[in-house]
Amino acid sequence: MVEILVIEDELRVAQAIKTGLTKEGYRVTLASTGEEGFFKANERSHNLILLDLGLPGRDGIEVLSLLRQKGLKTPVLVLTARDGLEDRILGLDTGADDYLIKPFAFPELLARMRALLRRGKAEPQLLLQIEDLKLDVMSRDVRRGNKKLDLTLREFELLEYLLKHQGQMVSREMLARDVWKETMRATPLDNVIDVHMVRLRKKVDQDFEVKLIHTVRGVGFTLRKEAESK
């Protein structure tokens, strides 16, 4: 199913968009602030982001700029009441793929979305890296420096997920949902996840001075350079 993230602070507008897109067969996630939108854009992958510019806290331009700086290639369709030419140029120069002025007709929104989705701009990263740790998604080759790491399938999936979210906090709930694909269990997967993480950390960090996988006590894990965790 096509995943759409709508970052819009006007509840009435956001709910109207969600209702319309859901009827069209899209799966819609809502965020009402720039901070929440930035987090959700990084928390999981989406096929398209609809982004309002006039957001409380971090405005849309700042959110868009930060997402592009992090390398997010998901197409972004800006929705805004700002109809000035300079605003449109700023949005496009910051990394927006298209611009739609409020108020807009819903059929036009759908047409713009279909055009962006057809472009297939959100290309997956095939080589993930932090410091001297490299993971090749296609060949499943994992190396730290000159050492080849022998990972199980689950360890590979865990490390790939951490690399795609490097510098961010990854909760056990996120891992259960996105790696184990378990959302309806009667009991949590915390112990299973922790065991796999201990094994992965041993393979990734044990023989190296700079540690990359860190536990965030009571929350989850993060992948980052040791110097950044102090």
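Residues numbered from 1 in each chain as written. Predicted model: local features only at pLDDT ≥ 70, side-chain atom pairs only at ≥ 80, totals over all residues. Heavy atoms only, no water.

> How do you make sense of the pairing of strand 6 (residues 127-130) when you look at a structure like this?
In regular strands, side chains alternate between the two faces of the sheet. In strand 6, alternate side chains face the same way, and those of Leu128 and Ile130 are buried while those of Leu127 and Gln129 on the opposite face are not. As defined by bridge partners, strand 6 adjoins strand 7 (residues 133-136) across 4 bridges and the pair is classed as antiparallel. Note that in strand 7 the partner of Ile130 across the bridge is Leu133. (Buried < 20%, exposed > 50% of the residue type's maximum accessible area, 1.4 Å probe, protein only. Helix = DSSP H or I, 4+ residues; strand = E, 2+ residues; numbered from the N terminus. Pairing = 2+ DSSP bridges.)

> So what exactly am I meant to see when it comes to the sheet that holds strand 4 (residues 76-80) here?
The pairing of strands in a sheet comes from backbone hydrogen bonds and takes either a parallel or an antiparallel form. Here 5 strands make up an open sheet; going across it, the order is 2-1-3-4-5 and the pairing parallel. Among the strands making up the open sheet, the edge pair consists of strand 2 (27-31) and strand 5 (98-101). Between one strand axis and the next, the sheet turns through 20° on average, direction left out of account. Sheet topology note: the strand 3 (residues 48-52)/strand 4 ladder contains 4 bridges and is parallel. Bridging from a neighbouring strand, Leu51 pairs with Val78 of strand 4. (Axes fitted to C-alpha atoms, helices over the stretch in contact; angles between N-to-C directions.)

> How do you make sense of the nonpolar core when you look at a structure like this?
Note that soluble globular proteins tend to have their nonpolar side chains buried in a common cluster. Grouped together as the largest cluster of nonpolar side chains are 29 residues, with contacts concentrated most on Leu133, Leu159, Leu175 and Leu200. Secondary structure elements with two or more residues in this core: strand 6, strand 7, helix 6 (153-164), helix 7 (172-178), helix 8 (190-205) and strand 12 (220-223). In terms of residue count, helix 6 provides more of this core than any other element does, 6 residues in total. Residue contacts for Leu133: discarding those within four places in its chain leaves Leu128, Val142, Arg143, Arg144, Leu149, Leu159, Leu163, Val204 and Leu212. Counting 18 residues, the second-largest nonpolar core is a separate cluster that includes Val6, Leu21, Leu110 and Leu116. (Core = buried A, V, L, I, M, F, W, Y, C linked by side-chain atoms within 4.5 Å. Contact = heavy atoms within 4.5 Å.)

> How do you make sense of the environment of Leu53 when you look at a structure like this?
Position of Leu53 among the secondary structure elements: in the loop between strand 3 and helix 3 (60-69). Once the C-alpha coordinates of Leu53 and Leu64 are considered, the two residues, 11 residues apart in sequence, prove to be 9.1 Å apart.

> Would you take a moment to explain the sheet that holds strand 11 (residues 213-216) for this structure?
Spatial ordering of the open sheet is given by 10-12-11, a layout of 3 strands whose pairing is antiparallel. On the outer flanks of this sheet lie strand 10 (170-171) and strand 11, each paired with one strand and no other. Strands in contact with helix 8 are strand 11 and strand 12; relative to strand 11, the strand with the most contacts, it is inclined by about 145°.

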